[in-house]
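Remarks on the overall topology
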Amino acid sequence: MMSSLIVLLLAVSLLVDRAECHRNGQGIDGSCADLTPQHGVSAQNSASPYTITFSPTSYTVSQSISVTLSASSSSFKGFMIQARNASSCSTSAQGSFNVVAGTTTACSNAALVHSSSSSKTTITTNWIAPTTSVGHIVFRAVFVQEQNTFWTNVVSGVLQDSTSTLPAPSVAAQCSATTPTQAGSFAKDTECGKTKGCFSSCGSSGCTFSVIWQKTSSTSVTYTLKAAYQSSSGFYIALGFSGDTQMGSDSVIGCAYQSSSAVLYTAENVGKTPNPFSDSQISLSSGDYTNGVLTCSITRPISGSGKRYDLNQAWTLLFVLGAASITSGVASIQYHNQDFFISESSVTASSIVDIAPLGKDDALVKAHGCLMVVAWVFFASIGLVVARYYKPVLSGTMCSQKIWFQVHRFSMVLVLCVTAIAFIIIFVKEDGEWSDLEGDETYLQGHPIMGVMVMILTILNPVMALFRPHPGTPKRPIFNWAHFLVGIAAHILGVITIFFGIQIKGATTPYYATYIMGAYVAWQLFVKLLLEIITRVKFNTKENTDSYEMNNKDNSSPNQSDSNGKKKALLKKIIFVIHCVVIAGLSAAIVAVIGVGTGGGD
């Protein structure tokens, strides 16, 4: 029990460190342009169960308009609403909203969002029109029912500008967020790694993106960002300088392109929210979009100042692409989703290197992770539970050995074999440099050492079992304790190693894999606690209803003890079947996330 508790506490600490959401509406500014929550899933395709109404039906400058968000059936927990031009798909928000109970402002006070994740059926606020005429208006919103269930682009009727000479449209313009699709390629710069530093994704057919840097003087450097992208609307490319492999606390330079115009974009990421800033010493030297390839050259000082990081220091490079819009020469970017690339090593402005992004589809790394999950989440869980709680229940024989022992031995032999295969795979993949995790957080660099310890303990236990003393001999209790402790230590260390492994940048595993592992630890603890209680507590029977003494074992008649044992055996068998099904499902989920998902450490 103590072993499971330790694993659970470690899991909780990791989960708390990784937990990210917008329960209070903060950090939601990344959704200002496309009104799409950054929840990692797509919006609902069905008709929205929510509506937006307002009164009166027309407005003048600075007028207050009552706006109501309503649920026709299911309640909603989160929302964001903006006022936009009714005749176009411009992402520029107009006017402002009064804050009411349960709400706060976002997007530079141009949007109203939830400040509490409690369920709501209606919200009524006031929209304050701008001090100058901006034309006919509609209110566009996103409603979040649950974390993975939300509706985007919910639109009100048209609020008429009473001062406008243009007729009001009968309905709002049909708009939807457009995401660029990657296409095409370009030739790699032949000076990469020779006279220039390069970070690129290139193959035999060309490159899909590249970052090339070269010092233009002793105090300045030019970064040339290039990506093959095609889009009917605006988009952007950007380069982040990061102290780790995750978005957050990064200095960003890039450019956005729309309608034959490129503009500079600079920002500092605070968490997952980019906060744009201006720096007169950072300039866009050139911006061009030709044959589906956007090229931007940006010159900046090597030294740091404020939100501009010092490039004499080594940084991990983060390259992203996504949708954007340009309004009055200012870029407004949208979330980049999976178009996120991490350099395989950290570099300075003086580095003359030719590096690639961490592999998003490294089959050997994924195979290693999946095999470790199968070994320690599935097989080890069965083998250890059977040995601890099912000796009396599975006491029959099979192939001249007791059933519980056959199940335990079979499971643990598979743990040994699968772990050994996973160990060999990663050792071959890393070409012997298995302990090199440069660029990851310090605590994660213990992953390979812990993996070696798990392998040693996994081999040690069956070797010990080959020399186990016979039952009843004086040394048998010593073996039993040693066998138990080594097995539990291997299991605890194996699970912790998996927790660390799914956070390593090379694994590119989505963050929510940590939550699934946490669910496994919680389930394992629950099952062990339940079986411990069943093992130690007697069940009442008809024969001893009036005279049952829980702590007086001598009072139990033979029939009573037999009935009690049968009930326990039946209940334990039911729990065992459920346990196998649950851990099989959890194992499959984690394997699927590792094998298919690409989180880039995000």
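Residues numbered from 1 in each chain as written. Predicted model: local features only at pLDDT ≥ 70, side-chain atom pairs only at ≥ 80, totals over all residues. Heavy atoms only, no water.

**Quick word on the pairing of strand β18 (residues 261-270)**
- In terms of strand pairing, strand β17 (residues 250-258) meets β18 through nine bridges, oriented antiparallel. Each residue of the ladder has a partner; that of Val 252, found in β18, is Ala 267.
- Note: β18 against strand β19 (residues 273-276), four bridges, orientation antiparallel. Of the residues in β19, the one forming a bridge with Glu 268 is Asn 275.
- What sits between the antiparallel neighbours β18 and β19 is a turn of two residues, in which Gly 271 has the positive phi angle 65 degrees. (Pairing = 2+ DSSP bridges. Helix = DSSP H or I, 4+ residues; strand = E, 2+ residues; numbered from the N terminus.)

**Remarks on the layout of surface pockets**
- Each pocket or cavity is described by its volume, and for the second largest pocket that value is around 1400 Å³.
- If you trace the second largest pocket, you find 43 residues lining it, with Ala 387, Lys 391, Trp 404, His 408 and His 483 closest to the centre.
- Elements represented by at least two residues in the lining of the second largest pocket include exactly α1 (2-18), α2 (363-389), β27 (401-402), α3 (403-429), α4 (447-466), α5 (476-501) and α6 (513-536).
- With 11 residues, α5 is the largest single contributor of residues to the lining of the second largest pocket.
- Considering only residue class, the lining of the second largest pocket consists of 26 nonpolar, nine polar and eight charged. (1 Å grid on protein atoms, 1.4 Å probe; cavity = no way out; pocket = protein on both sides within 12 Å on 5 of 7 lines; lining within 4 Å. Points joined across faces, edges and corners; volume = space filled by probe spheres on them. Nonpolar A, V, L, I, M, F, W, Y, C, P; charged D, E, K, R; others polar.)

**So, the environment of Ser 261**
- Along the polypeptide, Ser 261 turns up in strand β18.
- Residue class for Ser 261 comes out partly exposed when judged on its relative accessible area of 32%.
- Separated by 26 residues in the primary sequence, Ser 261 and Gly 287 have C-alpha atoms spaced 7.9 Å apart.
- Not counting chain neighbours up to four residues away, the residues in contact with Ser 261 comprise Ala 256 and Ile 326. (Buried < 20%, exposed > 50% of the residue type's maximum accessible area, 1.4 Å probe, protein only. Contact = heavy atoms within 4.5 Å.)

**Observations regarding a nonpolar patch on the surface**
- On the surface, Ile 459, Val 463, Leu 466 and Phe 467 cluster together into a nonpolar patch covering about 450 Å² of accessible area.
- If you trace the backbone, Val 463 turns up in helix α4. (Patch = residues over 30% accessible without salt bridge, like charges linked within 9 Å, V, L, I, M, F, W, Y side chains within 5 Å. Areas by Shrake-Rupley, 256 points an atom, 1.4 Å probe, with all protein chains shown as cover. Salt bridge = Lys/Arg side-chain N within 4 Å of Asp/Glu carboxyl O.)

Treat this as a map of the structure, not an account of what it does.
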